[in-house]
Amino acid sequence: MGIYAVKTTASQERTVADMIINREEPEIHAALAPDSLTSYVMVESEGNAVLERVLEDIPHARSIVPGESDISEVEHFLSPKPDVEGIAEGDIVELIAGPFKGEKAQVQRIDEGKDQVTVELYEATVPIPVTVRGDQIRVLDSDER
């Protein structure tokens, strides 16, 4: 059993992965189309012969990259990265969801365990700390950049 990289048409990775899995071939165990990997789908199967047979009927699937990939090469795609990664205390952020949507704020504290950020709103007359989820903010200006 191995992991193979399948070359696809750009922006068709998810479609190709879905079509491979919908074939319900017993020798094909999984297909992965990570957003950060353009024009490739990772497929776990018993061998590349069965994969070549399946890909003949799938549009947008171009070819199989020669050789197998090791699990260590794909495992970083398997665990989600926290939303607060890349955010630092002192960064200027914009709230993109919730009751303060559109407001600018400065990051005061980061809780990586809960994936939350405590910010202080800029336009507020009295500084109020507001705790929001990491996916509800967008970094505008960072001290580290």
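Residues numbered from 1 in each chain as written. Predicted model: local features only at pLDDT ≥ 70, side-chain atom pairs only at ≥ 80, totals over all residues. Heavy atoms only, no water.

An unreviewed UniProt entry annotates the protein as Transcription elongation factor Spt5 of Salinadaptatus halalkaliphilus. Quoted straight from UniProt, the Subunit (unreviewed entry) entry for the protein says "Heterodimer composed of Spt4 and Spt5. Interacts with RNA polymerase (RNAP)." Quoted verbatim from the Function (unreviewed entry) field of UniProt, the annotation for the protein is "Stimulates transcription elongation." (UniProt positions renumbered as here; feature names shortened; annotations may be inferred.)

## Observations regarding the overall build of the protein
Each helix and strand in the protein was counted, giving three helices and nine strands. Of the regular secondary structure in the protein, the N- to C-terminal order runs β-α-β-β-α-β-α-β-β-β-β-β. By the compact-globule yardstick of 15 Å for 145 residues, the protein is too spread out, its C-alpha radius of gyration being 21 Å. Based on the C-alpha atoms only, the size of the protein along its principal axes is roughly 65 × 25 × 25 Å. Across the 145 residues of the protein, 34% fall into the buried class. Entry remark: accessible area of the protein is about 9000 Å², with carbon and sulfur atoms responsible for 47%. Computing the positive centroid from 13 side-chain charges and the negative centroid from 30, the protein places the two 6 Å apart. (Helix = DSSP H or I, 4+ residues; strand = E, 2+ residues; numbered from the N terminus. Rg over C-alpha atoms; globule rule 2.2 N^0.38 Å. Buried < 20%, exposed > 50% of the residue type's maximum accessible area, 1.4 Å probe, protein only. Areas by Shrake-Rupley, 256 points an atom, 1.4 Å probe, with all protein chains shown as cover. Lys, Arg positive; Asp, Glu negative; His and termini not counted. Charge placed at Lys NZ, Arg CZ, Asp CG, Glu CD.)

## Side note on the UniProt feature "domain: KOW" (unreviewed entry) in the protein
Residues annotated in UniProt with the feature "domain: KOW" (unreviewed entry) correspond here to residues 86–113. Helix makes up 0% of residues 86–113 and strand makes up 43%, while its end C-alpha atoms are separated by 15 Å.

## Description of the pattern of salt bridges
In total, this model carries five salt bridges according to the counting rule given. Close ionic contact of Glu25 with Arg53 constitutes a salt bridge, the shortest N to O distance being 3.0 Å. Residue Glu25 is found in the loop between α1 (13–22) and β2 (28–32), and its partner Arg53 is found in helix α2 (residues 48–55); the two are separated by 28 residues along the sequence. By relative accessible area, Arg53 is classed as partly exposed at 44%. (Salt bridge = Lys/Arg side-chain N within 4 Å of Asp/Glu carboxyl O.)

## Quick look at the side chain of Ser69
You can see Ser69 is positioned in the loop between β4 (61–64) and α3 (71–78). Here Ser69 falls in the buried class, since its relative accessible area comes to 18%. Among all residues touching Ser69, those that are not within four sequence positions of it are Ile3 and Met42. (Contact = heavy atoms within 4.5 Å.)

## What about unusual backbone geometry?
Not every positive phi belongs to a glycine, and Glu24 is a case in point at roughly 55°. By secondary structure assignment, the location of Glu24 is in the loop between α1 and β2. Overall, Glu24 belongs to the exposed group, its relative accessible area being 69%. Even without being a glycine, Asp115 presents a positive backbone phi close to 60°. Examined against the element boundaries, Asp115 turns out to sit in the loop between β6 (104–111) and β7 (116–121).

## Side note on the packing of aromatic side chains
Under the counting rule described, the total for this entry stands at zero aromatic pairs. In this structure, Lys7 is placed above the aromatic ring of Tyr40, and the distance from its NZ or CZ to the ring centre is 5.0 Å. (Phe/Tyr/Trp six-rings, centres within 6.5 Å; stacked < 30°, edge-to-face > 60°. Lys NZ or Arg CZ within 6 Å of the ring centre and 35° of its normal.)

## Re the nonpolar core
By size, the foremost hydrophobic cluster in this structure holds 16 residues, and its most contacted members are Ile20, Ile28, Val43, Leu51, Leu55 and Ile58. For this core, the elements supplying multiple residues, two or more each, are β1 (2–8), α1, β3 (40–45), α2 and β4. Top contributing element to this core by residue count: α2, with four residues. Apart from residues lying up to four places away in sequence, Ile20 is in contact with Ile28, Val43, Leu55 and Ile58. Core analysis: the next-biggest nonpolar cluster, separate from the first, contains 12 residues, Val93, Ala105, Leu121 and Ile137 among them. (Core = buried A, V, L, I, M, F, W, Y, C linked by side-chain atoms within 4.5 Å.)

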